[in-house]
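Overview (structure and organization)
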Amino acid sequence: MLLINITSCGRLRFTACSNSTLKLAPLYEIMGNTVFLFLFVSIACILLCDLPTPAAGLDVIMPTCSEKQFRDKDKMCSHRFLEKAMQHGVNCSEELKKYKMCYKNFTLDCYDGFLNSYPNMTTPMGRVADIKSKMHLFAGMICGITDGPVNTTGLPNKIKHLLKCKSEFFVEAKTCAMAFHTKFEMKMQNSSSPMMMPDLCDSFKAAKMCNAHFMKKHCTLEKSPPPDRFNPFCPNKMDRPDPKAGSSKIAITNGILTITSFAIYLLL
């Protein structure tokens, strides 16, 4: 076997096998391991250096209530407003203020852990809640009030990202609200009770669907929230089912019955 002898002057000399020599095969193994280790460290360094770092000041804000609890609270406030505001002689603007305060209160409650750590964020979080409460378009839809432009100036980046919708949403979705309010106002003038307005049942549902369309267009939601079927203008205060959905179910049922009848005929 070929061996390498290291002399005192540092030169390599090929000699016969002895205890003071290094075998060539182990030397290649050492060199191979060294190269492998170098490549591994280099790749790891590249990967770690390219990892994204969190933006400064954007701490993860975790609410203390679940998404479902948040939706349920929102429904409670909005349903109360709708049932109250549609009554004759009620000051719609005052009821709208109560709704916004209700929305703000449960929003602050849901982020109480964060706000306890950052008390200076309470007022900005209130502004965020006020903006988000406008997403139902109640001001224009029920009260006929034109909201001013959404102003996010001065909101800290720490909570500004909680606003999932662009300002374009609030501008374009107003068409949904005003289209319904025109019919609603006309009916309110000619009827003693909004509950006697069955044609508004479908109009209110259409306004909500219109709103959902623009929300999908201009809002960055992880998943679309389930539709709120509450409708104070319908007999049972719920949206009427889509006629197309009912007809499709009938068609499927008829198809199943036809196939079953044919199968029984073949067996006879």
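First things first, this report covers the structure right here in the doc.

Analysis parameters
- Residues numbered from 1 in each chain as written.
- Predicted model: local features only at pLDDT ≥ 70, side-chain atom pairs only at ≥ 80, totals over all residues.
- Heavy atoms only, no water.
- Disulfide = S-S within 2.5 Å.
- Helix = DSSP H or I, 4+ residues; strand = E, 2+ residues; numbered from the N terminus.
- 1 Å grid on protein atoms, 1.4 Å probe; cavity = no way out; pocket = protein on both sides within 12 Å on 5 of 7 lines; lining within 4 Å.
- Points joined across faces, edges and corners; volume = space filled by probe spheres on them.
- Nonpolar A, V, L, I, M, F, W, Y, C, P; charged D, E, K, R; others polar.
- Salt bridge = Lys/Arg side-chain N within 4 Å of Asp/Glu carboxyl O.
- Phe/Tyr/Trp six-rings, centres within 6.5 Å; stacked < 30°, edge-to-face > 60°.
- Buried < 20%, exposed > 50% of the residue type's maximum accessible area, 1.4 Å probe, protein only.
- Lys NZ or Arg CZ within 6 Å of the ring centre and 35° of its normal.

Applying the stated rule across the entire model yields six disulfides. One disulfide in the model links Cys201 with Cys234; its S-S distance is 1.8 Å. In this structure the cystine formed by Cys201 and Cys234 twists about its S-S bond by roughly 80°; its chirality is therefore right-handed. Pair noted here: Cys201 is in helix H10 (residues 199-218) and Cys234 is in the loop between H10 and helix H11 (243-267), with a separation of 33 residues, a long-range link.

Another aspect to go through is the layout of surface pockets. In this structure, the largest pocket encloses a volume near 1,700 Å³. Glu67, Arg71, Met215, Leu221 and Pro225 are, among the 46 residues lining the largest pocket, the residues nearest its centre. Of all elements in the fold, only helix H2 (67-85), helix H6 (138-143) and H10 reach the threshold of two or more residues within the lining of the largest pocket. Residues belonging to the lining of the largest pocket are distributed by class as follows: 24 nonpolar, seven polar and 15 charged.

Glancing now at the pattern of salt bridges. Side-chain pairs of opposite charge can arise where the charged atoms are in close proximity. What the rule picks out here adds up to nine salt bridges. In this structure, Lys217 and Glu172 form a salt bridge, with 3.3 Å as the shortest nitrogen-oxygen distance. Of the two residues, Lys217 sits in helix H10 while Glu172 sits in helix H8 (residues 167-172), which places them 45 residues apart along the sequence. A salt bridge links Arg240 to Asp202; its shortest N-O distance comes to 2.8 Å. One end of the pair, Arg240, is in the loop between H10 and H11; the other, Asp202, is in helix H10, with 38 residues separating them in the sequence.

What follows concerns empty space enclosed by the protein. Empty space left among the atoms is revealed by rolling a probe the size of a water molecule over them. The full count for this structure, using the stated rule, is three cavities of 30 Å³ or more. Roughly 40 Å³ of internal volume is contained in the largest cavity. If you list the elements that add at least two residues to the lining of the largest cavity, you get helix H3 (92-110) and H6. When residues in the lining of the largest cavity are grouped by element, the largest group, three residues, is from H3. For the lining of the largest cavity, the per-class residue count stands at five nonpolar, one polar and three charged.

We now examine unusual backbone geometry. A positive phi angle is found at Leu137, which is not glycine, with a value near 65°. Residue Lys237 is not a glycine yet carries a positive backbone phi of 60°. For Lys237, the position within the fold is in the loop between H10 and H11.

Moving on: the packing of aromatic side chains. By the definition in use, this model includes 14 aromatic pairs. Summarising the aromatic geometry, the rings of Phe114 and Tyr118 are spaced 5.1 Å apart at their centres and angled 35° between planes, so their arrangement reads as tilted. For Phe114, a relative accessible area of 8% corresponds to the buried category. Pairwise contacts between aromatic rings join Phe70, Phe81, Tyr99, Tyr103, Phe106 and Phe138 into one cluster. Sitting over the face of the ring of Tyr118, Lys158 holds its NZ or CZ atom 4.7 Å from the ring centroid.

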